[in-house]
Amino acid sequence: MQDVSVLNNHLRPVSSRPSHKLILVRHGESQWNDSNLFCGWCDVPLSHRGEIEAENAGKLILEKTSLHPVSIYTSFLDRSIESAHIIASTLFPDYTTNPARYETKFVSSWKLNERHYGALQGLDKSQVLKEVGPEKYMFWRRSYDGVPPLAESSGSAGAIEARVSDPEILKYSTIATAKYKGVDQDELPRGESLEMVLQTRVRPYFEEVIRPDLLGTKDAECILVVAHGSTIRSLIKYLYNVSNENIQRLNIPTGSPLLIDVDENCVPVNEYTYLDPSGAKAGAEKVKNQGFH
Ligand SMILES: O=C(O)[C@H](O)COP(=O)(O)O
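Residues numbered from 1 in each chain as written. Predicted model: local features only at pLDDT ≥ 70, side-chain atom pairs only at ≥ 80, totals over all residues. Heavy atoms only, no water.

### Here we look at the pairing of strand E2 (residues 68–74)
Within a regular strand, side chains alternate between the sheet's two faces.
1) Next: Of all 7 residues making up E2, 5 are buried, and the element is well covered by its neighbours.
2) Next: Judged from the 6 bridges that link them, E2 and strand E4 (residues 221–227) form a sheet pairing that is parallel. Across the sheet, Pro 69 pairs through a bridge with Cys 222, a residue of E4.
3) Next: Alignment of E2 against strand E3 (residues 106–108), held across 3 bridges, turns out to be parallel. By the bridge assignment for E3, Ile 72 is matched with Phe 106.
4) Next: In this view, the connection linking E2 to its parallel neighbour E3 by way of helix H3 (residues 78–91) has right-handed handedness. (Buried < 20%, exposed > 50% of the residue type's maximum accessible area, 1.4 Å probe, protein only. Helix = DSSP H or I, 4+ residues; strand = E, 2+ residues; numbered from the N terminus. Pairing = 2+ DSSP bridges. Right-handed = clockwise from strand over helix to strand, strands pointing away.)

### Observations regarding the sheet that holds E3
1) Next: Pairing in this open sheet of 6 strands is mixed, and the strands run E3-E2-E4-E1-E5-E6 from one edge to the other. Of all the strands in the sheet, the pair left with one neighbour each is E3 and strand E6 (273–274).
2) Next: When strand E5 (residues 258–262) meets E6, the two strands line up antiparallel, connected through 2 bridges. Looking at E6, one finds that Leu 258 is bridged to Tyr 274.
3) Next: Relative to strand E1 (residues 20–26), helix H8 (residues 229–240) is tilted by about 150°, and along the sheet it contacts E1, E4 and E5. (Contact = heavy atoms within 4.5 Å. Axes fitted to C-alpha atoms, helices over the stretch in contact; angles between N-to-C directions.)

### Considering the site of the ligand
1) Next: If you check the shell around the ligand, you find Arg 26, Asn 33, Leu 37, Phe 38, Cys 39, Gly 40, Glu 114, Tyr 117, Lys 125, Arg 141, Arg 142 and Val 287 and nothing else.
2) Next: In the model, an oxygen atom of the ligand is placed 3.1 Å from a nitrogen or oxygen of the Arg 26 side chain.
3) Next: Protein coverage of the free-state accessible area of the ligand, which is 310 Å², stands at 98%.
4) Next: Split into classes, the residues belonging to the shell around the ligand amount to 5 nonpolar, 2 polar and 5 charged. (Near = heavy atom within 4 Å. Polar contact = N/O pair within 3.5 Å; in protein donor to acceptor, adjacent residues only side chain to side chain. Areas by Shrake-Rupley, 256 points an atom, 1.4 Å probe, with all protein chains shown as cover. Nonpolar A, V, L, I, M, F, W, Y, C, P; charged D, E, K, R; others polar.)

### Thoughts on the packing of helix H7 (residues 194–215) against H8
1) Next: Where H7 contacts H8, the axes come no closer than 9 Å and their chain directions differ by 75°. Between H7 and H8, the angle is such that the two are roughly perpendicular. Every residue of H8 that contacts H7 at Leu 194, Val 197, Leu 198, Val 202, Arg 203, Phe 206 and Glu 207 is listed here: Ser 230, Thr 231, Arg 233, Ser 234, Leu 235, Lys 237, Tyr 238 and Leu 239.
2) Next: The class makeup of the residues in the contact of H7 with H8 is 8 nonpolar, 3 polar and 4 charged. (Parallel < 35°, antiparallel > 145°, perpendicular 65-115°, else oblique.)

### A word on the pairing of E1
1) Next: Counting buried residues in E1 gives 6 out of 7 residues, a clear majority hidden from the surface.
2) Next: Pairing between E1 and E5: 5 bridges, direction antiparallel. When the bridges of E5 are listed, Lys 21 appears paired with Asp 261.
3) Next: Across 5 bridges, the pairing between E1 and E4 is parallel. Paired with Val 25 across the bridge in E4 is Val 226.

### Let's talk about the UniProt feature "active site" (unreviewed entry) in the chain
1) Next: The positions that UniProt labels "active site" (unreviewed entry) are, in the present scheme, His 27 and Glu 114. Their sequence span is 88 residues, while the largest C-alpha to C-alpha distance among them is just 10.3 Å; these annotated residues converge on one region.
2) Next: Tracing the backbone shows His 27 in the loop between E1 and helix H1 (31–35).
3) Next: In contact with His 27, other than residues within four places in its own chain, are Asn 33, Leu 46, Arg 79, Ser 80, Ser 83, Ala 227, His 228, Thr 254 and Gly 255.
4) Next: Here Glu 114 shows up in the loop between E3 and helix H4 (125–132).
5) Next: Those residues in contact with Glu 114 that lie beyond four places of it in its chain are Gly 40, Trp 41, Leu 77, Arg 79, Glu 192, Arg 201, His 228, Gly 229, Ser 230 and Thr 231. (UniProt positions renumbered as here; feature names shortened; annotations may be inferred.)

Below, the structure written as structure tokens:
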């Protein structure tokens, strides 16, 4: 399977001890994934294909695992929240008629947001590749410590107006600001490397919030995290101790659930598995090649 080769060999033999199940799903394709723009914290909705991907993700979880999510974690970004609601409506037959019944399952945090792509947000990936060349482009996109050029101000999209004039693009850069009102503004980034995402927010959030929830799950239950490419790469790096070198080769497909089994110490008991391995492989390849054609 495509991504397994990037994992270090830190896995423990499968044992008969109880395990806890974590399902990670990157949101369905967003409108800017479709139009090839750097998105980051810009609050872009799903494309039509993204809605279908989210629905399929729900069906896969239902049909291939029958696991019942006790909590559904999302970021603050609409594409993650929208995907989670579509997945929930597939998993729970009465979800659309009685959403209040499921309200307490949803937990959202900006700490699960996509990597802040700094001054690249709103720019065309092919154009950036053409301007800076493949080495720098991939350093910004995939290296562990590559920080993109910073945006001029902190907050959601960060002064995108200085670089982009298309109103269709601008509308997603400004609407997000209100969501971060309750967050200490000094904590909000102007651009992040994967390392910053993992060490300053995803790891602490996982350890403090998700891990205790996950270790409290029983048989037939799971924790579902519907988030972003960088959030999921961070979590995989952390849980599987993937090297800085190998994490560069990991691409996360949109709308493709992956299952991780952990023991009572939150150590994975085997390799993670995509519920649709061939679809995930094709999706990861598509993500990898973004900007190149
Ligand atoms: O923020 C974005 O543009 C994408 O969701 C992730 O982009 P990447 O695959 O180029 O890191």
